[in-house]
Every structure is written in structure tokens, then in C-alpha cells.
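Descriptive analysis of the structure
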Amino acid sequence: EDKVVQSPLSLVVHEGDTVTLNCSYEVTNFRSLLWYKQEKKAPTFLFMLTSSGIEKKSGRLSSILDKKELFSILNITATQTGDSAIYLCAVEVVMETSGSRLTFGEGTQLTVNP
Amino acid sequence: ETGVTQSPTHLIKTRGQQVTLRCSSQSGHNTVSWYQQALGQGPQFIFQYYREEENGRGNFPPRFSGLQFPNYSSELNVNALELDDSALYLCASSLDSGTGASYEQYFGPGTRLTVT
């Protein structure tokens, strides 16, 4: 059975801190790994990673994938209160139909205090 | 905002009833996937529709069914509602070119279903 595990499940930091969120996976037919931010309802897309060792950056957020060790990290530097959210890691898995589905981890609840 | 819309935003139903949730995909997207997100959990894949056909299904019973229309909008139907069906139902649209390349899935705001 496909599995995605995120750690920590919960994290409380102060504004300005740097955080690292972890995601490990065991799946068959891996296609890509995605990170989403979920504040109230809709998860919003952050990154899609398909190749090992290539860092993707967007402002204070960055992410990297290790396909040999089967994990990814999401870094947030100089955290702000607006970064408070649930961060979801999802692995895109190819189905027998050749379509793909996302298998999600439980998420990391990040709280940034002023 | 992603351009994916869902209706209704909230819904309260009684155990045993039936419900229909709706999703309009982002312009140009031909694939819709549905997910169930229970409180405190990550979303779980229900099924996917591609060009009006079911294109893969997760571990959900047959009382969860769906449709996709020619304009690529979609419906999720749940029959014989159970208390455990209470969750946030998310739809996500994407573009599948059939080449095997990855395309991001963009999520709608979800429908919060409460079964009493």
C-alpha cells in the first residue's frame, strides 16, 4: 500500500525562525512529489518536484527531492505569521489506467507566533 | 484563486440520505479528481474522471459515484450517507495530455458535508 509520512505533525515557532518540514514516501509507480499549503479549505499549490537534487525556490520557500532515499524537505526561512497553515506533501502515483492520483501525508500544522 | 469552483460550500444531511456535490474545473483542464478530507487528515483519493470516463478509483465503496460532463465539470454522488462520510470534499482539476507528463492538480475550495 502506498504511504506518505510527514514530520513533524505539529510545529510552533516564532516569527523570523527557519523551519524544515519532512516528507518520506513508499509508493509504486512514482511520478512526482508535490507540496501544498492549506489555510482554510483549498490546498494551494507550492511546488512540484520530479528530479532528485534540484532545488525549487519561491521567495522564502524552497524544496528538494531525494529519489534514492525517498524523501523531500520543505524549507521556510524568516517565517511570518502568514505562514501559519497546514503543509501537505503529496506523491503523484501512476494508476493502471495511466492516469495519476495524489497520495497525501497527514500534513504538518505550522503555527508562527509574533 | 485557482478557477476551480465547487458547490455548495456547506451541506447538512441525515444518515441514509443521498447527496450531490458539484465541481467546475479550471478553463482548459480535462481531468477532475475528487478527494475526501476528514478532520485532521490528509485528503484521500476517491476517483478521477478524464474525458467523461472514470479513470481510476480509490478505496471507496460503490455508493460513491460520479459523472463528468462534456464541458469537463463534474459531480460526486454519495448514496446511503453514513456518519463517517462527514468530511471536506475537494475536487481538483488538471490537464492530462496523455503523454505521461506531470501536471499540477489545482484544488477548489471544497464542500463541507456534515451527516447527522
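Quick note: structure is the one above.
This structure is a prediction, so every number in the text was calculated from the model and none was measured. (Residues numbered from 1 in each chain as written. Chains lettered and ligands numbered in written order. Predicted model: local features only at pLDDT ≥ 70, side-chain atom pairs only at ≥ 80, totals over all residues. Heavy atoms only, no water.)

What about the pattern of salt bridges?
Put simply, the rule is: Criterion for a salt bridge: a side-chain nitrogen of Lys or Arg within 4 Å of a carboxyl oxygen of Asp or Glu. Secondary structure elements follow DSSP: runs of H or I of four or more residues count as helices, runs of E of two or more count as strands, with numbering from the N terminus.
A full pass over the atoms with the stated rule returns eight salt bridges over all chains. With a shortest N-O distance of 4.0 Å, Lys37(A) and Glu39(A) are connected by a salt bridge. The residue Asp83(A) makes a salt bridge to Arg60(A) at a minimum N-O spacing of 2.8 Å. Placement of the pair is Asp83(A) in the loop between strand E8 (71–76) and strand E9 (85–94) and Arg60(A) in the loop between strand E6 (56–58) and strand E7 (61–66), with a sequence separation of 23 residues. Within this structure, Arg63(B), Glu82(B) and Asp85(B) form a network of salt bridges that share partners.

Here we look at the nonpolar core
Heads up, the condition is: Within this scheme, the nonpolar core is defined by two criteria: the residues are buried Ala, Val, Leu, Ile, Met, Phe, Trp, Tyr or Cys, and they are joined through side-chain atoms within 4.5 Å. Relative accessibility decides the category of a residue: with a 1.4 Å probe and only protein chains considered, values under 20% of the type maximum give buried, values over 50% give exposed, and everything between is partly exposed. Residue contacts are counted whenever heavy atoms from the two residues lie within 4.5 Å of one another.
Within the largest apolar cluster, 22 residues are counted, with the highest numbers of intra-cluster contacts made by Tyr25(A), Leu33(A), Trp35(A), Tyr87(A), Val91(A) and Leu110(A). Of all the secondary structure elements, the ones that give two or more residues to this core are strand E3 (19–26), strand E4 (30–38), strand E5 (44–49), E7, E8, E9 and strand E11 (108–113) of chain A. Ranked by residue count, the leading element in this core is E9(A), at five residues. Beyond its immediate stretch of four places on either side in the chain, Tyr25(A) contacts Lys3(A), Val4(A), Phe30(A), Leu33(A), Leu65(A), Asp66(A), Lys67(A), Leu70(A), Phe71(A) and Val91(A). Grouped together as the second largest cluster of nonpolar side chains are 20 residues, Cys23(B), Phe60(B), Tyr89(B) and Leu113(B) included.

What about the packing of aromatic side chains?
Note the following rule: Put simply, two rings from Phe, Tyr or Trp (the six-membered ring, in Trp's case) pair if the centres are within 6.5 Å, and we call them stacked under 30 degrees between planes, edge-to-face over 60, tilted for the rest.
Under the criterion given, the structure shown has 11 aromatic pairs over all chains. Residues Tyr36(A) and Phe45(A) carry aromatic rings whose centres are separated by 6.1 Å and whose planes lie at 75° to one another, so their mutual orientation is edge-to-face. Between the aromatic rings of Tyr35(B) and Phe107(B), the centroid separation amounts to 5.6 Å while the plane-to-plane angle is 50°, which identifies the pairing as tilted. Highlighted residues: Tyr35(B) in strand E4 (residues 31–37) and Phe107(B) in strand E10 (residues 106–107), separated in sequence by 72 residues. Here the aromatic cluster, defined as three or more aromatic residues joined through ring pairs, consists of Tyr36(A), Phe45(A), Phe104(A), Tyr35(B), Phe45(B), Tyr106(B) and Phe107(B).

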